[in-house]
Amino acid sequence: MKMFVGSDIHGSIYYAKKMIEAFEAEECERMLLLGDVLYHGPRNDLPYEYAPKEVIALLNEYKEYITCVRGNCEAEVDQMVLDFEVMDDYKIIHNGKRDIFMTHGHNYNQGNLPYLAHNMILLHGHTHIPALIELDKCIYMNPGSVSIPKNDSCHSYMVIEDNRYIWKDLLSGEIYKEYKDNI
């Protein structure tokens, strides 16, 4: 199964549309959203073309493809307007021989690892910084942010297909990082 991974949209309709364009161009079967879908929070500037209501309408059109976890900017009221689950702190996705622990990153992260079976992937957003770090117990991956990248990173997403994990620039579609899993 080919999966698209996006994180930290923060209510930007411009980047949400770019994300959907990339999802369609990649011909993915699932979209994994790592939280902070609608709101920007007090630490971030307003993202470009901030329009949460428009993001709601756009993403609801793709509800059958979306698997989402709760970010630190999500609130219970968000579930009332989004037609897909957004309130789970984590989900476990099966990807061949390796499982993916999908979370936002504000609760579970490199500094506070959840209980993971050996060789799982810890996939989270939250930092807005793309990452690929092999830890003793797991592999940590972060797609970066769709709308508010940090540390001079680009607006980005990931594609997971079989045993390949690919980081791409949202605006150009260019690959800038890849991990091939040999398990």
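Up top you'll find the structure we're talking about.
A few points on the structure.

Calculation notes
Residues numbered from 1 in each chain as written. Predicted model: local features only at pLDDT ≥ 70, side-chain atom pairs only at ≥ 80, totals over all residues. Heavy atoms only, no water. Helix = DSSP H or I, 4+ residues; strand = E, 2+ residues; numbered from the N terminus. Rg over C-alpha atoms; globule rule 2.2 N^0.38 Å. Lys, Arg positive; Asp, Glu negative; His and termini not counted. Charge placed at Lys NZ, Arg CZ, Asp CG, Glu CD. Pairing = 2+ DSSP bridges. Salt bridge = Lys/Arg side-chain N within 4 Å of Asp/Glu carboxyl O. Buried < 20%, exposed > 50% of the residue type's maximum accessible area, 1.4 Å probe, protein only. Axes fitted to C-alpha atoms, helices over the stretch in contact; angles between N-to-C directions. Core = buried A, V, L, I, M, F, W, Y, C linked by side-chain atoms within 4.5 Å. Contact = heavy atoms within 4.5 Å.

## A few points about the overall build of the chain
Part 1: Assigned secondary structure in the chain consists of 3 helices and 11 strands.
Part 2: Here the chain has a C-alpha radius of gyration of 15 Å; the compact-globule value for 183 residues is 16 Å, and the two agree.
Part 3: Each charge class in the chain can be summarised by its mean position, and for the 17 positive and 29 negative side chains these summaries are 3 Å apart.

## Some words on the pairing of strand S11 (residues 175–180)
Part 1: Both strand S10 (residues 164–169) and S11 contribute to a ladder of 5 bridges, which runs antiparallel. Counterpart to Ile166 in the pairing with S11 is Glu178.
Part 2: What sits between the antiparallel neighbours S10 and S11 is a turn of 5 residues, in which Gly173 has the positive phi angle 80 degrees.

## A closer look at the pattern of salt bridges
Part 1: As enumerated under the stated definition, the model contains 6 salt bridges in all.
Part 2: The partner of Glu76 in a salt bridge is Arg70, with the nearest N and O atoms 3.4 Å apart.
Part 3: Residue Glu76 is classed as exposed on the basis of its relative accessible area of 54%.
Part 4: Its salt-bridge partner being Lys91, residue Asp88 comes within 3.4 Å of it at the nearest N-O pair.
Part 5: Among the ionic contacts, a cluster of salt bridges with common partners joins Lys2, Glu26 and Lys168.

## Points about the sheet that holds strand S5 (residues 98–103)
Part 1: What the 5 strands build is an open sheet, ordered S4-S5-S6-S8-S7; its pairing is mixed. Strand pairing shows two members of the sheet lacking a second neighbour, strand S4 (90–95) and strand S7 (131–134), which therefore form its edges. For this sheet, the mean inter-axis angle between neighbouring strands, taken without regard to orientation, is 20 degrees.
Part 2: Where S4 and S5 come together, 6 bridges link them in antiparallel fashion. From the neighbouring strand, Ile93 faces S5, where its bridge partner is Ile100.

## Quick look at the nonpolar core
The tendency in soluble globular proteins is for nonpolar side chains to be buried side by side.
Part 1: Counting 30 residues, the largest nonpolar core has Ile9, Met19 and Leu59 as its most contacted members.
Part 2: The dominant element in this core, judged by the number of residues it contributes, is helix H1 (residues 13–26), at 7 residues.
Part 3: The residues contacting Leu59, other than those within four sequence positions of it, are Ile9, Met19, Ile20, Leu33, Val37, Ile66 and Phe84.
Part 4: Counting residues in hydrophobic clusters, the runner-up holds 17 residues, among them Val5, Val69, Ile100 and Ile121.

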